[in-house]
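Structure at a glance
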Amino acid sequence: MTLLSFACSLLGDNFTVIAFAAFLAASLTLVGAIMDITALKKAHTELERSELRYRHLFSRMPIAFRQLDASRLVMLFRKLRAEGVKDLGAYFDSHPEFLRTCMDALSFQEANERAIQMFGGGTEGYIGRSMAESWKERPDTFRRAMESRYRGETNFEEETRMVTWDGRVVDVLFTTARVGPINDLEVSLVGTIDISQRVRAQQKLQQVQAEFAHAARVSMLGELTASIAHEVNQPLAAIATNGAAGLRWLNRPVPDIGEIRKAIENIVVDTKRAANIVARVHAMAARKVPEQACLSFDEIIREALLFLRHEMESRSVTILHQPDAATPLVLGDRTQLQQVIVNLAINAVQAMIQAGCDDRRIVISTVAQDGTTLCCSVEDNGPGIAAEHAGRLFESFFTTKESGMGMGLPICRSIVEAHGGRIGAERSTAHGGARFWFTLPLFSGTARTQQTDRDALV
């Protein structure tokens, strides 16, 4: 039209030129329209291809994917923020019913083939269904996922257990991604990987490790038979002495009731002492399920040293315990942690004897580091660790002792790592010998919550 108007103004009544200008204008308009439609069609085709690729990935991936409508949950969270709620965890504590409200606010939109195989229910059975049934076994995981979302995190991942539509409980790796609004709906994508076989394999490995640990404890108790007998004989001898004294006081023409009472009280005390020694030996020898408890680690060391007292005296070994002034607490199994201390101390004694050391000293110290970690070290003044042995100390069945099993240090490592710590060794120290150290997480309320979610320790 612009060309046509320009031609008319210049050429007046020259209709041939005007007609040509009109034809040219119409052609350019048609070409522009065709180009515009082509670009739009190309963009639409690419969008369809992209959606088709997503559909193929969603439906055929070997991971169970389920798409959730989170619109109602988003509205609930907006309302909480408007009310000034900043800590969702604290809000859950004061409003426990809100956790179920959040579950019901999430509904399934779609599931891929793998999700249907894992959870059942059929394709149509997912649409509009609440998440509440899936979390009957582990609502604590769902709570942590909600707290993560409320903090604005786009992803969440945790090993947990979920319930299928037919009531089976499955060990899974649960992941979720918050992808945002799609077609005016707030969408979340949930992925679950079945890890049941891996969990069963871990449990079997833990069982084997527990058997090795038990065998090592029994072997160690066999080596300490003389020490145990000495420890039991002390209270038994005291009982006999006090009993004889009591009889003498009774046989006097005028029995001394006060002395008799004192003798009987001493007998009771020594009887309890002997019973405690027997109980400790029984606990070390028993094949039992590990028991998690909040423990004073320095108290664990003192109890372990009771097993070793006579052994150390008979071997002319001076052992010094340097506790942390803060009395650090750890979460763990008393018997297993005592086994670590006893193993490391016995190793030190045997190394010093084998090297022919005359002055034998061991220092066991504990230090709380950075408020989250406890470090315990066992140092001796023996020959240290040979360079060629340093990298193999924690290998199974590797030993430098003449009659060793090669299982003590590997078992120590498995126990420490199962408690969330690390173990290592230094070839030489200021005392001239070797230093073995290990770390453990210090006890806290959070640590206890996390520990209850772990598998049983070896």
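Residues numbered from 1 in each chain as written. Predicted model: local features only at pLDDT ≥ 70, side-chain atom pairs only at ≥ 80, totals over all residues. Heavy atoms only, no water.

1. Section: the overall build of the protein chain
What the protein chain contains, in helices and strands, is 14 helices and 12 strands. Across the 458 residues of the protein chain, 40% fall into the buried class. Surface exposure of the protein chain reaches about 25,300 Å², of which carbon and sulfur atoms provide 57%. (Helix = DSSP H or I, 4+ residues; strand = E, 2+ residues; numbered from the N terminus. Buried < 20%, exposed > 50% of the residue type's maximum accessible area, 1.4 Å probe, protein only. Areas by Shrake-Rupley, 256 points an atom, 1.4 Å probe, with all protein chains shown as cover.)

2. Concerning the nonpolar core
Counting residues in hydrophobic clusters, the biggest one holds 40 residues, and the most contacted among them are F297, I341, L344, I362, I364, F436 and F438. Elements supplying a minimum of two residues to this core: helix 11 (297–314), helix 12 (334–354), strand 9 (360–369), strand 10 (373–380), helix 13 (408–418) and strand 12 (435–441). Ranked by residue count, the leading element in this core is helix 12, at 10 residues. Apart from residues no more than four positions distant in its own chain, F297 is found in contact with P328, V330, L337, I341, T366, L374, C376, F438 and L440. By size, the runner-up hydrophobic cluster in this structure holds 35 residues, among which are V85, F98, C102 and M103. (Core = buried A, V, L, I, M, F, W, Y, C linked by side-chain atoms within 4.5 Å. Contact = heavy atoms within 4.5 Å.)

3. Concerning the packing of helix 3 (residues 71–82) against helix 5 (residues 97–105)
Two measures define how a pair of helices packs: the angle their axes make with one another and the distance between the axes. Between helix 3 and helix 5, whose axes approach to 8 Å, the crossing angle comes to 140 degrees. Comparing their axes, helix 5 and helix 3 come out oblique. Mapping the contact onto sequence places R72, L73, L76, F77 and L80 in helix 3 and F98, T101, C102, D104 and A105 in helix 5. Taken together, the residues of the contact of helix 3 with helix 5 break down into seven nonpolar, one polar and two charged. (Axes fitted to C-alpha atoms, helices over the stretch in contact; angles between N-to-C directions. Parallel < 35°, antiparallel > 145°, perpendicular 65-115°, else oblique. Nonpolar A, V, L, I, M, F, W, Y, C, P; charged D, E, K, R; others polar.)

4. Comments concerning the environment of P255
Locating P255 in the fold gives a position in the loop between helix 9 (225–251) and helix 10 (257–285). With relative accessibility at 35%, the residue P255 sits in the partly exposed group.

5. So, the confidence of the model for the protein chain
Averaged over every residue, the pLDDT of the protein chain is 77; residues scoring 70 or more account for 69%. Confidence over residues 446–458 falls short of pLDDT 50; this stretch has 31 contacts with residues more than four positions distant or in other chains. (pLDDT = per-residue confidence, 0-100.)

6. Topic: the pattern of salt bridges
Here the structure, examined in full by the defined rule, presents 17 salt bridges. Two residues, R143 and E147, come together in a salt bridge whose shortest N-O distance is 2.8 Å. With a gap of four residues between them, R143 and E147 both fall in helix 7 (residues 139–150), about one helical turn apart. By relative accessible area, which is 17% here, E147 ends up buried. (Salt bridge = Lys/Arg side-chain N within 4 Å of Asp/Glu carboxyl O.)

7. A word on the environment of R138
Tracing the sequence through the fold places R138 in the loop between helix 6 (113–119) and helix 7. The class of R138 is buried, set by a relative accessible area of 13%. C-alpha separation for the pair R138 and V163, spaced 25 residues apart in sequence, amounts to 8.8 Å. At 2.9 Å, the side chain of R138 and the side chain of D140 are in polar contact. (Polar contact = N/O pair within 3.5 Å; in protein donor to acceptor, adjacent residues only side chain to side chain.)

8. A look at the pairing of strand 9
Note that strand 7 (residues 317–322) and strand 9 share six bridges and pair parallel. Note on strand 9: the bridge partner recorded for L320 is V363. Two elements, strand 9 and strand 10, share eight bridges in a ladder whose sense is antiparallel. Each residue of the ladder has a partner; that of A368, found in strand 10, is L374. (Pairing = 2+ DSSP bridges.)

9. A look at the sheet that holds strand 11 (residues 423–426)
Sheet strands pair by backbone hydrogen bonding; their relative direction is either parallel or antiparallel. Reading across the sheet, the five strands line up as 7-9-10-12-11 and stay open at both edges, with mixed pairing between neighbours. Of all the strands in the sheet, just strand 7 and strand 11 have a single pairing partner and so form its edges. Each neighbouring strand pair of the sheet contributes to a mean axis angle of 15 degrees, computed without reference to strand direction. Where helix 11 meets the sheet, it contacts strand 7, strand 9, strand 10 and strand 12, and its direction lies at approximately 170 degrees from that of strand 7. The strands touched by helix 13 are strand 11 and strand 12; relative to strand 12, the strand with the most contacts, the crossing angle is about 20 degrees.

10. Examining the packing of aromatic side chains
Scanning all chains against the criterion turns up eight aromatic pairs. Arranged with centres 5.0 Å apart and planes meeting at 85 degrees, the rings of F77 and Y150 form a pair that is edge-to-face. With a gap of 73 residues between them, F77 in helix 3 and Y150 in helix 7 connect regions that are remote in the sequence. There is no split in this pair, since F77 and Y150 are both buried. Each ring, one from W135 and one from F142, has its centre 5.9 Å from the other, and the planes form 45 degrees; the classification is tilted. With respect to burial, W135 and F142 carry one shared label: buried. (Phe/Tyr/Trp six-rings, centres within 6.5 Å; stacked < 30°, edge-to-face > 60°.)

11. A closer look at helix 7
The end-to-end C-alpha distance of helix 7, which contains 12 residues, comes to 17 Å, matching closely the 16 Å that a straight helix rising 1.5 Å per residue would cover. Burial in helix 7 covers these residues: T141, F142, A145, M146, E147, S148, R149 and Y150. A positive phi of about 90 degrees marks G152, the residue just after helix 7. (Expected span 1.5 Å × (residues − 1).)

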